[in-house]
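Chain by chain, the residues run as shown.
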Amino acid sequence: MKTLNKYLRLYKNILLSLCMIGITVLGVVFGLVPVVKKIEGIRKDSIELSKSIKLIRTKISLLSLEDETVYKAKLDELLAAIPNDKSLTSLFVTIDGLGVNSGTVLSDLMVARPGAIASESAKSQSNEEKKIGSNVIPFTVTVTGSYEQIYQFVSMANNVRRFFKIKNFQISFNKASAISVAMGIDAFYAPQLAPSVALETPLDPITEQEETLIAKISMMQNLGKQLPLDNLPPLIQTEPRPDPFSL
Amino acid sequence: MAISFQSINLIRTKTSISPQYEAIELSLRKTGLIGIIAFLCASFLIGIVYLLINAEYTSLKSEKTTVLRELSQYAKSEVYYRAIKDRTKIVTAVMATQHPWSQLLDRVTNSIAGPPILTSITVDDQNRIVIMLTTETIESMLNAVNAVITQAQEKALTKPTLVSFQIDDKGKVQVSISFFSVFTNENTQ
């Protein structure tokens with residue numbers, strides 16, 4: 001004990017210094033380093049937060065440019081050209097309207113794949129469909145009229161909503177008056193995928209080119225537009241017959 | 001000076017310390033002091049930085065909550081906006097596949113030959129165009145064929161190919177020519 005005391009007394013200063021150094025080292029290792037790491041973490045989080053706030057502000061500024069109804073109207077214009085579903089009604093109404101507007105007579109309209117038994121998700125897309133990102137409804141129609149009327153039909157087919165692509169046709173000029181042309185035409189539809197509305201997902205601005213495209217489409221004739229229900233003729237009301245099987 | 005025997009103490013009261021040890025002790029003391037001071041200063045500074053950064057982080061968090069609340073008012077608009085962006089891509093791709101066949105009809109009837117020389121125009125799924133021409137004389141046919149060659153030279157059509165050539169007993173000439181039309185596609189964006 002005496003020896004220990006003697007040594008403690010002898011090395012008191014050096015031990016004190018070593019304790020100070022030890023406390024400093026421990027303080028750095030267990031105090032400062034974790035705090036610095038935490039600061040670094042908070043700084044990174046702050047940078048991320050700043051970025052995300054900037055992104056959200058950009059989104060708000062983009063979205064506030066126009067009213068919700070304007071965006072909806074623009075989308076409706078585009079959906080009239082390429083609808084979400086097969087919308088055979090709009091297909092028939094548009095092709096019929098084309099016939100009426102061009103003065104041609106349409107016959108033998110045949111839709112190749114009017115409806116699939118499997119759901120749309122089970123339907124495999126062809127390479128062409130994958131390329132354009134849209135499904136195709138091929139159909140054939142026979143267009144009868146004069147050359148000028150056929151010409152009118154062909155030139156109008158690219159300028160109507162809904163969109164058609166004339167794939168093949170044959171015009172024979174043997175008969176001077178009426179020409180019958182069998183045409184293979186594609187109509188398009190693209191199911192709307194649920195858009196990712198994750199708050200952090202950036203939003204690209206609608207470019208001038210896209211605006212021009214929407215404006216161009218809205219200028220196209222919408223022959224497939226269905227009449228509002230108010231404009232439909234009233235149903236003819238008839239007296240119920242006492243015996244529905246009687247002649 | 002007289003020294004009494006009583007004041008003489010021969011027992012060593014102090015242990016002698018070597019100068020080397022003193023130097024080490026001094027240096028350790030200095031290091032310890034500097035270390036402690038540096039640690040305290042660093043702790044103080046880091047503490048201030050932590051407080052500042054934490055305050056900024058808290059304010060950013062509350063700002064984000066505010067902007068998110070603001071953004072939620074545009075949720076429907078965003079759905080429409082994204083749908084517009086997606087749909088324009090599809091529409092552009094579809095429009096690029098549409099061919100203005102009226103341009104072809106104009107080109108054939110105005111620049112090559114119209115009826116009655118032009119008997120038929122056929123377009124197949126691969127966009128290959130076949131025109132059938134019938135003339136009374138071979139000279140008239142040459143004019144039509146030359147028109148096709150001119151159109152090819154003007155890059156209005158490509159790969160012109162003579163599919164068939166026929167002369168009947170009466171000297172009536174029938175020719176089929178296939179080619180691919182080059183469109184100045186108005187629809188392509």
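The structure presented is a predicted model; accordingly, all values stated were derived computationally and were not measured.

A. How the structure looks around the overall build of chain B. Assigned secondary structure in chain B consists of 4 helices and 4 strands. Order of helices (α) and strands (β) in chain B, N terminus to C terminus: α-α-α-β-β-α-β-β. The proportion of buried residues among the 189 residues of chain B is 22%. The contacts of chain B with a sequence gap of at least 6 include a subset with a gap of at least 24, amounting to 53%.

B. Quick peek at helix α4 (residues 138-153) of chain B. Residue and element names in this part refer to chain B. Counted at 1.5 Å a residue, the expected span for α4 with its 16 residues is 22 Å, and the 22 Å between its end C-alpha atoms agrees. Restricting attention to buried positions, one finds in α4 the residues Met141, Val145, Val148 and Gln151. Along the long axis of α4, the arc covered by the buried residues comes to 110 degrees, so they all point the same way. Exposed side of α4, more than 90 degrees from the buried face: Glu139, Asn146, Ile149 and Gln153 are the residues found there. The elements touched by buried residues of α4 are α3 (101-112), β2 (128-135), β3 (157-167) and β4 (173-181). Looking one or two residues beyond α4, the residue adopting positive phi is Lys155, at roughly 60 degrees.

C. Looking closely at the domain arrangement of chain A. According to the domain assignment, chain A contains domain 1 (1-65) and domain 2 (82-116 + 126-192 + 213-224). With centres defined by C-alpha atoms, the gap from domain 1 of chain A to domain 2 of chain A works out at 72 Å.

D. Expanded view of the sheet that holds strand β1 (residues 105-111) of chain A. Strand order in the open sheet formed by 8 strands is β1(A)-β2(A)-β5(A)-β4(A)-β1(B)-β2(B)-β4(B)-β3(B), and the pairing between neighbours is antiparallel. With one partner strand each, in any of the chains shown, β1 of chain A together with β3 of chain B form the two edges of the open sheet. Neighbour-to-neighbour, the strand axes of the sheet open up by a mean angle of 20 degrees, direction not taken into account. Two elements, β1 of chain A and strand β2 (residues 135-145) of chain A, share 5 bridges in a ladder whose sense is antiparallel. Looking at β2 of chain A, one finds that Leu106 of chain A is bridged to Val143 of chain A.

E. Looking closely at the interface of chain B and chain A. Facing the 65 residues of chain B at the interface are 71 residues of chain A. Only α1 (19-72), α2 (75-97), α3 and β1 (118-123) of chain B provide two or more residues apiece to the side of chain B that touches chain A. Tallying contributions element by element places α1 of chain B first for the side of chain B that touches chain A, with 26 residues. Taken together, the residues of the side of chain B that touches chain A sort by class into 32 nonpolar, 17 polar and 16 charged.

F. Region of the structure containing the confidence of the model for chain B. Here chain B averages 86 in pLDDT, and 88% of its residues register 70 or above. ipTM for the predicted complex: 0.76, alongside a pTM of 0.74.

G. Examining the environment of Val28 of chain A more closely. The topology assignment puts Val28 of chain A in helix α2 (residues 12-63). For Val28 of chain A and Ser172 of chain A, which are 144 residues apart along the polypeptide, the C-alpha to C-alpha distance reads 93 Å. Setting aside residues up to four positions removed in sequence, Val28 of chain A forms contacts with Val33 of chain A together with Phe39 of chain B.

H. Geometry of the environment of Phe179 of chain B. With respect to the helices, strands and loops of the structure, Phe179 of chain B is situated in strand β4. C-alpha separation for the pair Phe179 of chain B and Gly114 of chain B, spaced 65 residues apart in sequence, amounts to 17 Å.

I. How the structure looks around the nonpolar core. Core analysis: the largest hydrophobic core is formed by 67 residues, its most contacted members being Leu78, Ile82, Ala157, Ile166 and Phe188 of chain A together with Val91 and Ile131 of chain B. Excluding anything up to four places from it in sequence, Ile166 of chain A contacts Val154, Ala157, Met183 and Ile185 of chain A together with Trp101 of chain B.

J. Summary view of the pairing of strand β4 (residues 164-172) of chain A. Pairing of β4 of chain A with strand β5 (residues 179-189) of chain A, which is carried by 5 bridges, proceeds in the antiparallel orientation. Bridge assignment links Ile166 of chain A to a residue of β5 of chain A, and that residue is Ile185 of chain A. Summarising the sheet, β4 of chain A and β1 of chain B pair through 4 bridges and their orientation is antiparallel. Directly across from Ser172 of chain A, in β1 of chain B, lies its bridge partner Ser120 of chain B.

K. Structural view of the environment of Ser111 of chain B. All names here are of chain B. Within the element layout of this structure, Ser111 appears in helix α3. Among the residues examined, Ser111 registers 15 C-beta atoms within 10 Å and is labelled partly exposed. For the pair formed by Ser111 and Asp125, sequence separation is 14 residues and the distance between their alpha carbons is 24 Å.

Conventions and cut-offs
- The written sequence of each chain sets the order in which its residues are numbered from 1.
- By the order in which they are written, chains take letters starting at A while ligands take numbers starting at 1.
- Where totals are concerned, whole chains, interfaces and linings use all residues; where local detail is concerned, this predicted model gives features only for residues with pLDDT of at least 70, and gives and counts side-chain atom pairs only at 80 or more.
- Think of it this way: any DSSP run of H or I at least four residues long counts as a helix, any run of E at least two long counts as a strand, and we number them from the N terminus.
- To sort residues by burial, count the other C-beta atoms lying within 10 Å of each one's C-beta; a count of 20 or more means buried, 12 or fewer means exposed, and anything in between means partly exposed. C-beta atoms are built from the backbone.
- Note on contacts: each residue gets a C-beta atom placed from the backbone, and two residues are in contact if those atoms are within 7 Å.
- Expected span, for any helix, means 1.5 Å times one less than how many residues it has.
- An arc is given here, and it is the one of the directions from the helix axis to the C-beta atoms.
- Each domain's extent is set by a domain assignment, obtained either automatically or from a database.
- DSSP bridges decide pairing: two strands pair if at least two such bridges lie between them.
- Fitted lines through C-alpha atoms give the axes, limited to the stretch in contact for helices. The angle between two N-to-C directions lies from 0 to 180 degrees.
- Under this grouping Gly is polar, as are all residues other than the nonpolar Ala, Val, Leu, Ile, Met, Phe, Trp, Tyr, Cys and Pro and the charged Asp, Glu, Lys and Arg.
- The pLDDT value tells you how sure the predictor is about a given residue, anywhere from 0 up to 100.
- Nonpolar cores are built from buried Ala, Val, Leu, Ile, Met, Phe, Trp, Tyr and Cys residues. These are joined into a set through C-beta atoms within 7 Å.

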